[in-house]
Amino acid sequence: PLKGAFFVLKGGGAVNEKVIRNFDVTKLSFDDEERTITAVASTEIVDRYGDIVLQDGWELENFKKNPVLVWNHDYSRPPLAEIKDIRIEDGKLVFTAKFPEKGVYDLADVVYELYKRGILKAFSVGFIPKEYEPNDAGGYTYKRQELIEISAVTIPANPDADLCAGSSACAG
């Protein structure tokens, strides 16, 4: 059994469990003309659940088939934005989300503005663990995991993620 917040998908068992991990945002990178935000979705620090997600273990192929940013892991709502770029950079999972034009989707407009004003400060990843083991922090070290989604969220589990600018993750 896994600790922390997770949802059990059909089939049961470890490879069919979805794990949710949140990351705090402290630096902002916005392009208002393009309505994009660049951020870190995951790092290798020990989170509040005692878990560590190894960044070289991300499987992104299926995520790239439907790369969307959702609100608080709520799949019943339309997505907030499209993930236009996702990559491992400087040991962090970095993404760029492109929000729709203003006026297309009210919730997307509100969320974009709340990040821009520094009121929202967190993102979260949902993933299916493929390979993991218990660690000394009382949680699990995830060695291989399939990214399912990235969410804009209000409460983070991992306090070490940043919105970023430039080619080096969170430089400056």
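Up top is the structure.
What counts and how
Residues numbered from 1 in each chain as written. Predicted model: local features only at pLDDT ≥ 70, side-chain atom pairs only at ≥ 80, totals over all residues. Heavy atoms only, no water. Helix = DSSP H or I, 4+ residues; strand = E, 2+ residues; numbered from the N terminus. Buried < 20%, exposed > 50% of the residue type's maximum accessible area, 1.4 Å probe, protein only. Areas by Shrake-Rupley, 256 points an atom, 1.4 Å probe, with all protein chains shown as cover. Phe/Tyr/Trp six-rings, centres within 6.5 Å; stacked < 30°, edge-to-face > 60°. Pairing = 2+ DSSP bridges.

A. Region of the structure containing the overall build of the protein. Counting its regular elements, the protein contains one helix and 11 strands. N-terminal to C-terminal, the α/β element order of the protein is β-β-β-β-β-β-β-β-β-α-β-β. Classification of the 172 residues of the protein by burial places 51% in the buried group. Carbon and sulfur atoms provide 52% of the accessible area of the protein, an area that totals close to 8,200 Å².

B. Representation of the packing of aromatic side chains within the structure. The final tally for this structure, using the stated rule, is nine aromatic pairs. Geometrically, the ring pair formed by Trp58 and Phe127 is edge-to-face, given 5.5 Å between the ring centres and 90° between the ring planes. In this pair, Trp58 is assigned in strand E6 (residues 58–59) and Phe127 in strand E10 (residues 122–134), connecting sequence segments 69 residues apart. Phe127 sits in the buried class, given a relative accessible area of 0%.

C. Structural view of unusual backbone geometry. Here the phi dihedral of His73 falls at roughly 60°; this positive angle occurs in a residue that is not glycine. Here His73 is to be found in the loop between strand E7 (68–71) and strand E8 (81–89). The exposure class of His73 is buried, given its relative accessible area of 14%. The phi angle at Asp90 is positive, at roughly 55°, despite the residue not being glycine. Looking at the element boundaries, Asp90 is found in the loop between E8 and strand E9 (92–98).

D. Examining the pairing of strand E4 (residues 36–42) more closely. With seven of its seven residues buried, E4 lies for the most part within the structure. Where strand E3 (residues 30–31) meets E4, two bridges bridge the pair, whose relative direction is antiparallel. Bridging across to E4, Asp31 finds its partner in Thr36.

E. Layout of the environment of Val40. Looking at the secondary structure, you find Val40 in strand E4. Under the relative-accessibility criterion, Val40 is labelled buried at 0%. A sequence separation of 49 residues divides Val40 from Glu89, and the C-alpha atoms of the two residues are 9.2 Å apart.

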